[in-house]
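Architecture at a glance
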Amino acid sequence: MINIEQVAELNKIAKQMVAPGKGILAADESMNTVGKRFAAINLENTEDNRRAFREMLLTAPGEGRYISGVILFDETIHQATSSHKTFVDALQEENILPGIKVDQGLAEFPGSPSEKVTKGLDGLSGRLREYASMGARFAKWRAVITITDKTPSDANIRQNARDLAAYALACQEAGLVPMVEPEVLLDGNHSLATCEIVLDKTLRAVFEELAKAGAVPSGMVLKSSMALPGKDSGQPAIPDEIARATLRVFAETLPQDLAGVVFLSGGQGEIQATENLNAMHQHGPLPWPVTFSYARALQDSATKVWQGKDANLAAAQRVFLHRAKMNSLASQGQYAPELEKGFETSAGGEATQD
Ligand code: 13P
């Protein structure tokens, strides 16, 4: 059990994560996933290139106007900028909260190998304490739910919900705000209506298990996927329909006192992810802060401009800041397509995130 002072501190951090006009950069790709991003720009996947890549994203001048927190990978939390400042210190100087991915990737779900469970509960409390001592203020755990003709199974949803709840409780006990991420994958040919049903079942189970475990909603952030038609469905993805379906699910399943919701981009294009977030806020005011926690939809165009070259650093950071600003506006319902003038963006479909 956590005491009143611990709850107050968690509430404060969680509020800061979803502060008005700000969102979170997910920069926690595993080495393998960074390798896929680098392959697209013909860059070797070395430790120093990964460090330089993170420096490009984490030190864009003034990004603290739009970014409240950054999710780091274990390697990155141990790394430093080219001027020998740890990334944690560099973020804190900009009033940006350092976060850390603490799950250890996916494994097959026994008995249903097309479904997944998330690894990393073994030894988790010790790792959380260590990350907290290094300056992390929140942690992320990603579970995935797969839609096919036969899945998701109730058993898989329940197992992932239980694991997310165990992780969330361990985080709160260690003084870290849990970012609870059950991602309903975009892959597949399912309809928007099917995705809405699956998202509803998933979030229902997750919040049931979180309540059973005794995790405190005001000291946690939900990282959700949007209700979207499957990537191969051929169905048009209309922002207003996506917003309505997603918000219907949230209204049914989220506790009133949840600190906030952040979205993953999940393979949507950059503009699509911004438009869909903006559409949510056309139905406001919403009962919770609702903002972004994108990886691909904040990084893709900037990465293409960067190409691993110092000479491109400033231009890449400008592109990154532009996307951060567009999403900041979208998180307040103030985005408009005309604001994209002068910036080329990525159409999405990059290989899956972790
Ligand atoms: P994407 O926005 O690329 O989906 O990544 C967000 C994330 O953190 C997934 O775990």
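Residues numbered from 1 in each chain as written. Predicted model: local features only at pLDDT ≥ 70, side-chain atom pairs only at ≥ 80, totals over all residues. Heavy atoms only, no water.

1. So, the layout of surface pockets
To find leftover empty space, a probe the size of one water molecule is rolled over the atoms. Its volume calculated, the largest pocket comes out at about 220 Å³. Along the wall of the largest pocket there are 16 residues; nearest its centre are G105, L106, R142, Q353 and D354. For the lining of the largest pocket, the secondary structure elements donating two or more residues are helix 2 (31-39) and strand 6 (138-145). Along the lines of polarity and charge, the residues of the lining of the largest pocket split into four nonpolar, six polar and six charged. (1 Å grid on protein atoms, 1.4 Å probe; cavity = no way out; pocket = protein on both sides within 12 Å on 5 of 7 lines; lining within 4 Å. Points joined across faces, edges and corners; volume = space filled by probe spheres on them. Helix = DSSP H or I, 4+ residues; strand = E, 2+ residues; numbered from the N terminus. Nonpolar A, V, L, I, M, F, W, Y, C, P; charged D, E, K, R; others polar.)

2. Describing the site of the ligand
Surveying the vicinity of the ligand reveals 14 residues, the closest of which are K140, K223, S265, G266 and R296. Across the complex, the protein chains shield 100% of the 300 Å² of accessible surface that the ligand would expose by itself. Taken together, the residues of the shell around the ligand sort by class into four nonpolar, four polar and six charged. (Near = heavy atom within 4 Å. Areas by Shrake-Rupley, 256 points an atom, 1.4 Å probe, with all protein chains shown as cover.)

3. Here's the deal with the environment of P61
Positionally, P61 belongs in the loop between helix 3 (47-58) and strand 2 (67-72). When the C-alpha atoms of P61 and G23 are compared, they prove to be 16 Å apart, with 38 residues separating the residues in sequence. What P61 contacts, discounting residues up to four positions off in sequence, is Q317 and L321. (Contact = heavy atoms within 4.5 Å.)

4. Details of the packing of helix 6 (residues 124-133) against helix 7 (residues 154-173)
The N-to-C vectors of helix 6 and helix 7 enclose an angle of 40°; their axes lie 9 Å apart at closest approach. As judged from the angle between their axes, helix 6 and helix 7 are oblique. In this structure, the crossing between helix 6 and helix 7 has a hand that is right-handed. Mapping the contact onto sequence places L124, S125 and L128 in helix 6 and Y167, A170 and C171 in helix 7. (Axes fitted to C-alpha atoms, helices over the stretch in contact; angles between N-to-C directions. Parallel < 35°, antiparallel > 145°, perpendicular 65-115°, else oblique. Left-handed = near helix turned anticlockwise from the far one by under 90°.)

5. Thoughts on the packing of helix 3 against helix 11 (residues 296-306)
For the pair helix 3 and helix 11, interaxial distance at closest approach is 11 Å and the crossing angle is 120°. Judged by the inter-axis angle, helix 3 sits oblique to helix 11. Pair helix 3 / helix 11 crosses with right-handed handedness. Seen from helix 3, the contacting residues are N49, A52, F53, M56 and L57; seen from helix 11, they are Q299, A302, T303 and W306.

6. Side note on the sheet that holds strand 8 (residues 221-224)
Where strands meet in a sheet, backbone hydrogen bonds hold them as pairs that are either parallel or antiparallel. Here we have eight strands laid out as an open sheet, ordered 1-2-3-6-7-8-9-10, and parallel in their pairing. Strand pairing shows two members of the sheet lacking a second neighbour, strand 1 (23-27) and strand 10 (290-292), which therefore form its edges. Each adjacent strand pair in this sheet contributes to an overall mean axis angle of 25°, direction not counted. Relative to strand 9 (residues 260-263), strand 8 is paired through four bridges, and the arrangement is parallel. Across the sheet, residue L222 finds its bridge partner in strand 9, namely V261. (Pairing = 2+ DSSP bridges.)

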